[in-house]
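Below are the chains, spelled out letter by letter.
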Amino acid sequence: MDLVTLPAAVLEQTVPILLAALAAMITLRANILNVAVEGMMLVAAFTAIAVGDVTGNALYAFAAALVAACLVSQILAVITLRFGADFIVAGLGINILASGSILFLLERVYNSPGGLRPITFPDIWHLPAGALSFVPVLGPMLEGQSFIALLAILAIPASFVFLYRTPTGANLRATGEDEAAARSAGIRTDRMKALALLLSGVLAGLAGAQLAMDRLHFFLPEMSAGRGFIGLAATLFGAGTPWMTAAASLMFGFFGAVGDRLQAFALPSQFVLMLPYLAAVVGLTFARWRASTKGRPAAITETKV
Amino acid sequence: MKAFRQLLRAVAAPLGAIALTLFLGFLLVASIADEPVLAYRELLFANFQSLGNFALFINRATPLALIAIGIVFAFRAGVFNVGGEGQLYLGAMAATVMGLALPGLPGFVLLPLCVFVGIAAGGFWGYIPAVLKVKLQVDEVVTTLMLNFVALLFTSYLVNHLLRDTTTYGAISWTLPESVWLPSIPGVPNATSAFLVAVVLAVLAWVLLFRTVWGSEVRAAGTNLRFAETVGVPAARRVIEAMIVSGGMAGLAGALYVLGTGHRFEQNFSPAYGLVALTVALLARVHPISALVTALFYALMLNGAAYMQIATDVPRSLVALLTGLLVLLMTARLRRQSSRH
Amino acid sequence: MDGSTAILTLQGIAKRFGDKEALKSVDLSVAPGEVHVVCGENGAGKSTLMNILAGIHQADAGTISLRGMPVSIPDPIAASRLGIGMVHQHFKLVPSMSVAENLYLGRNPRKYLVFSNRAEMERRAAELIARYRFDLDPRAPVGRLSVGQRQRVEILKALAFDAEILILDEPTAVLTPPEVGELLDVIANLRERGRTVLFITHKLREVKAVADHVSVLRHGESVGTHLAAEVSEADIARAMVGRQVFLSGRGADADKPRTFGPALLELENVSVSNASGRRLLDAVSLAVRAGEVVGIAGVDGNGQTELAEAIAGLLPIQAGTVRLNGRAITGTTVPERISAGLGFVPEDRLDRGLSPTMTIAENVAATNYRRAHLLRGGLVDPARRDAFAERAIREFDVRGAAPDRAIGQLSGGNMQKLVVAREMARRPRVLVVAQPTRGLDIGAAEFIHSRILEAADAGAAVLLISSELSEVLLLSDRIGVMYRGRMLAVLPRKQAEEERIGILMNGGEAQAA
């Protein structure tokens, strides 16, 4: 195993998962299980390539990706919050609609159902080699990574500060934990949920942009490869808290990077790829098991003493 | 008579969402196609133009119907089973393994064995989230969703490493012995007789759910668990049983697909049948017979799209787009209806 | 009271929900700095009235005046701006957040514009807690607090908004007796500080000590305001019901000699503990004979719910024996107990009593499929099932009901009638009824009372659990009192004076038995 390039490979695998996980985490704190991260990522990746292809400008492509993912998130917000659709079904519907619309555009506009490969595509900014050599361990890992990777790492403390150190974050958590209590405190809970979805859109947009723009510079319909769901698994495994979610993402990114290499050792990659999903199930089960054996303090709705 | 009216209501309810989707789709087709009417005629009617087309249509509808009927059981027991896809894959894989492992057995022994292990594998995959939900209140949406990926990856491992037909290209298993192939529907060559199984099971499911004490107990547990306990229903057990049935039906769909249509396991044999079946079940207002009808409608659209693409310049992915639209429109309606209670 | 000096005046307030008239015409005048108790039976419209004041509902007619000025209260935020704070019966608190965070939820003090100023928040919370001399830690997560402490957080929340008028909705319902005492101290303290307190309850007994005025609501109408010192509980009770309370019942003719059969329901030292080891039932012994009604009185939360569920088989019994008809049923399942002749009307019809989205026929048939021959060839016969439900509907006079309608669409009284109908249909040897008339109007309540007595007359052993003492006194041949999981005493009706029961309910005079 190549020990020199492994850290960089882990980071590369981790970044999209981390962004997807944070996207799912923000909505989870508003009590929304966001299964549409996958679709938002896909739309962002497609938009990035399509806009970059037309404009030849990396910044436009990047911005368009974020806007597109946010738009998708707000479609989900309207259909669930305004029209009362179920979050799971609507989220899965968004995924079908996203991949369906993209395929439709690929077939109809680009005449290439297999994907979108512009001949030239603008590069985004990557950290130059040696720029961070003064930082031990992390420095060399980050060198050569895109600025989106940097944003992803900054998003961990940022989401922590947002959730636990701002009034809006407190309102969002209150909305997720006890909607009636939040409403009675004058919080507009629907707006909080729409905001959570919007932030989720931004983060999923970053994830999609990273997938399409970091190195590949092309779009494939199966490009997101379930990373939205791995991110969801990471969030659930990390119990919806930023640091634990990030740690779980790193772990899953490590599995991914190692999985690629383990094939050389005849260990089937499928079992490695399975780990995030198994970890989510086992993690949740373990958390519930501990809660049920510990005899927790009475739930707040319990009126009997 | 009352049961018929009840059924009519269940079937009629989702027609609005379907009509609206078809209308929006038509607007879309009209804006891009030269011959929108021809496109839509192909979409809706090409399935019946030849026996061959009709057989393909039946083959498409069968797994959808079987999984959706299974999901009806889960929903009626209050379990949101998103795991149809994983249960389907495991069922298909189990049947394949059994058929390839004991090719020497006579068909009348091996075929039931294949079907049985398919049901058992799917049922097992429904049992896990059910037990976790009942005993530890682990959210079943998450577990069924995550277990899908586990099942997909596991079957992918088996088909790539152990069962792979090395004479062809791609992740495809060896072909099953012909002794276990299901016959076609008499008079319709290549149409899987598994469809007849689905029809029988739809009726049976309706009887089970609405005409047996077991069914009323499942539904009591699904609508109000504490009420169910109070009136003497072993509620936890009923929920688990319903989920085993649900997973078993998806497993059966997988097994019958392999035995009747595919005759071997292909890694990507399902175009998200599990997920589409989930929406079929919801669209059918969680009613087994209406689920069968809705599955037929979906299959009609899915296959019709291919004919539409051949006959006109409308891409077949229009159907994926319409499916997504339909799911969104349908759930929006669903909630508004249930909030009236 | 002179309306011009009142801080809050209501005139002709009316409200209807669909075809149900919750409030017909309510007048109320509250003086500044007083504790004003609003009494009324369940369903008299107390909560609706207070929700109108809190901005949760809007009145259809009538005027609300604050300090002589007419006001409109379109939402809870407007109410708090006007200085009206509401303490809900069901707390509106976020468990994972601290006391301080809950107090300032939705209006965190800020620093640098975007961040929460947590130090400031905790300082203000500590100040508020100190000012009202509450025993709370501003940093403690609310999820770890006791129910009484949570209620104080709720009260502080209202006070943090500078509420001049504090509305407490049935605050004692969730408290243990000592906590009730502490709450009354808190209220007395608030009055000293010039706050006005509106106290909603249907148990005058508990709050009479701190009340200045008592207003009574009946069927959505105000029927008078009295000085608390000048009226007796009996006066208020009569005013609440509107006539002599409950004329027919066994309690009324307790002198009439009755003979009972053998004991059909026997409990011997039955104990139940919860996960953390607290005794919910503490060595309870009791026997109910054929033809007898034994009533269980007690303040809510002293083990009555657990007693009913332990007998019904819904709560595992750790020690002791339950016998039904002479046979031990301690470890048996619910269906086995039903077969052995148990009928059970649970305390909350929407929780355990029925499944609101299922049809009336299915709800009524639920425990009766085999016994009432609703099956044919192993399958449910819908015709027989519907006929069975029709019969229940007719016998229990449930108007506007059809077998294929969802039962949740019926009124509370009609739902309760059908729950009782289902359990009575089997002619149970032992009938356990918990809070059978909670939230019901008088007519439905009397109907259900008469059915319970009929069952006893026909030879069933009836265990009646109710937090309405009047109901227990009315129906029972013997009365047991529960306090903190123990059966303090089981008294023959003649020895069960109301006063004595009241003392026992508060845990006093344990030797009275």
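Residues numbered from 1 in each chain as written. Chains lettered and ligands numbered in written order. Predicted model: local features only at pLDDT ≥ 70, side-chain atom pairs only at ≥ 80, totals over all residues.

Focus on the overall build of chain C
Next up, step 1: The helix and strand tally for chain C stands at 17 helices and 24 strands.
Next up, step 2: In terms of C-alpha radius of gyration, chain C reaches 25 Å, essentially the compact-globule figure of 24 Å for 513 residues.
Next up, step 3: The C-alpha extent of chain C, read off along each of the three principal axes, is 75 × 50 × 50 Å.
Next up, step 4: Residue pairs in contact within chain C that sit at least 24 positions apart in sequence constitute 67% of those at least 6 positions apart. (Helix = DSSP H or I, 4+ residues; strand = E, 2+ residues; numbered from the N terminus. Rg over C-alpha atoms; globule rule 2.2 N^0.38 Å. Contact = placed C-beta atoms within 7 Å.)

Points about the interface of chain A and chain B
Next up, step 1: Every contact between the two is made by 38 residues of chain A and, on the other side, 36 residues of chain B.
Next up, step 2: Mapped onto the side of chain A that touches chain B, the elements with two or more residues apiece are α4 (87–108), α10 (227–237) and α12 (269–294) of chain A.
Next up, step 3: With 14 residues, α4 of chain A is the single largest residue contributor to the side of chain A that touches chain B.
Next up, step 4: Here the side of chain A that touches chain B is built from residues that sort into 25 nonpolar, nine polar and four charged. (Nonpolar A, V, L, I, M, F, W, Y, C, P; charged D, E, K, R; others polar.)

Focus: the sheet that holds strand β17 (residues 327–328) of chain C
All names here are of chain C.
Next up, step 1: A sheet is described by the order of its strands in space; here four strands give the open sequence β14-β13-β16-β17, paired in antiparallel fashion. Because the sheet does not close on itself, it has two edges, and the strands there are β14 (279–289) and β17.
Next up, step 2: As defined by bridge partners, strand β16 (residues 319–324) adjoins β17 across two bridges and the pair is classed as antiparallel. Bridging across to β17, L324 finds its partner in R327. (Pairing = 2+ DSSP bridges.)

Here's the deal with the nonpolar core
Next up, step 1: Counting residues in hydrophobic clusters, the biggest one holds 395 residues, and the most contacted among them are A44 and A48 of chain A, L64 and A68 of chain B together with V462 of chain C.
Next up, step 2: The greatest single-element share of this core, amounting to 16 residues, is contributed by helix α11 (residues 235–262) of chain B.
Next up, step 3: Contact partners of L64 of chain B, with chain neighbours within four places excluded, come to Y273, V276, A277, V280, A295, Y298 and A299 of chain B. (Core = buried A, V, L, I, M, F, W, Y, C linked by C-beta atoms within 7 Å. Buried ≥ 20, exposed ≤ 12 C-beta atoms within 10 Å, placed from the backbone.)

With respect to unusual backbone geometry
All names here are of chain C.
Next up, step 1: Here R67, not a glycine, exhibits a phi torsion of approximately 50 degrees, which is positive.
Next up, step 2: Note on placement: R67 falls in the loop between β4 (61–66) and β5 (69–71).
Next up, step 3: Located in the positive-phi region is E170, a residue other than glycine, with phi close to 45 degrees.
Next up, step 4: Turning to its location among the elements, E170 is positioned in the loop between β9 (165–169) and α6 (177–192).

A short note on the interface of chain A and chain C
Next up, step 1: Facing the 21 residues of chain A at the interface are 27 residues of chain C.
Next up, step 2: Secondary structure elements with two or more residues in the side of chain A that touches chain C: α7 (167–177) and α8 (179–184) of chain A.
Next up, step 3: Per-class residue counts for the side of chain A that touches chain C are 10 nonpolar, seven polar and four charged.

Section: the UniProt feature "transmembrane region" (unreviewed entry) in chain B
Residues and elements named next belong to chain B.
Next up, step 1: The feature "transmembrane region" (unreviewed entry), as given by UniProt, occupies residues 57–75, 109–128, 140–159, 191–210, 239–259, 265–284 and 316–334 in the numbering adopted here.
Next up, step 2: A helix fraction of 100% and a strand fraction of 0% characterise residues 109–128, whose end C-alpha atoms lie 29 Å from each other.
Next up, step 3: Counting secondary structure, residues 265–284 comes out at 55% helix and 0% strand; the distance between its end C-alpha atoms is 29 Å. (UniProt positions renumbered as here; feature names shortened; annotations may be inferred.)

With respect to the environment of V67 of chain A
Residues and elements named next belong to chain A.
Next up, step 1: Checked against the element boundaries, V67 lands in helix α3 (residues 58–82).
Next up, step 2: According to the C-beta neighbour criterion, V67 is partly exposed, with 16 such atoms within 10 Å.
Next up, step 3: Note: C-alpha distance between V67 and A44 (23 residues apart in sequence) is 8.1 Å.

Some remarks on the domain arrangement of chain C
Next up, step 1: Domain boundaries assigned for chain C yield domain 1 (3–241), domain 2 (246–341 + 427–513) and domain 3 (361–425).
Next up, step 2: In this structure, domain 1 of chain C and domain 2 of chain C have C-alpha centres spaced 34 Å apart. (Domains from an automatic or database assignment.)

Some remarks on helix α12 (residues 273–283) of chain B
Next up, step 1: Counting buried residues along α12 of chain B, 11 of its 11 residues qualify, which places the element largely inside the surrounding structure.
Next up, step 2: Residues of α12 of chain B that are buried include every one of Y273, G274, L275, V276, A277, L278, T279, V280, A281, L282 and L283 of chain B, and no others.

Things to note about the packing of helix α14 (residues 412–424) of chain C against helix α15 (residues 442–457) of chain C
Residues and elements named next belong to chain C.
Next up, step 1: Taken N-terminus to C-terminus, the directions of α14 and α15 make an angle of 10 degrees; their axes are 10 Å apart at the nearest point. As summarised for this structure, α14 and α15 are arranged roughly parallel, according to the angle between their axes. In this structure, α14 uses G413, Q416, K417, V420 and M424 to contact α15, whose residues at the interface are A444, F447, I448, R451 and A455.
Next up, step 2: Tallied by class, residues from the contact of α14 with α15 come to six nonpolar, two polar and two charged. (Axes fitted to C-alpha atoms, helices over the stretch in contact; angles between N-to-C directions. Parallel < 35°, antiparallel > 145°, perpendicular 65-115°, else oblique.)

Considerations on the pairing of strand β21 (residues 430–434) of chain C
Residue and element names in this part refer to chain C.
Next up, step 1: Judged by how many residues are buried, β21 sits mostly within the fold: five of five residues are covered.
Next up, step 2: With burial as the criterion, each face of β21 is covered, one bearing V430, V432 and A434 and the other bearing L431 and V433.
Next up, step 3: Pairing between strand β18 (residues 342–345) and β21: four bridges, direction parallel. From the neighbouring strand, F344 faces β21, where its bridge partner is V432.
Next up, step 4: Where β21 lies against strand β22 (residues 461–465), five bridges are found, and the strand directions are parallel. Looking at the pairing, V430 lines up with A461 of β22.
Next up, step 5: You can see the chain leave β21, run along α15 and come back into β22, and the turn it takes is right-handed. (Right-handed = clockwise from strand over helix to strand, strands pointing away.)

Notes on the sheet that holds strand β15 (residues 293–297) of chain C
Residue and element names in this part refer to chain C.
Next up, step 1: The mixed open sheet is built from six strands, whose spatial order is β18-β21-β22-β15-β23-β24. Every other strand in the sheet has two partners, leaving β18 and β24 (486–492) as the edge strands with one partner each. Strand after strand, the sheet turns through a mean of 15 degrees between neighbouring axes, direction not considered.
Next up, step 2: Judged from the four bridges that link them, β15 and β22 form a sheet pairing that is parallel. Along β22, the bridge assignment pairs I296 with I465.
Next up, step 3: Relative to the sheet, α14 contacts β18 and β21, its axis offset from that of β18 by approximately 175 degrees.

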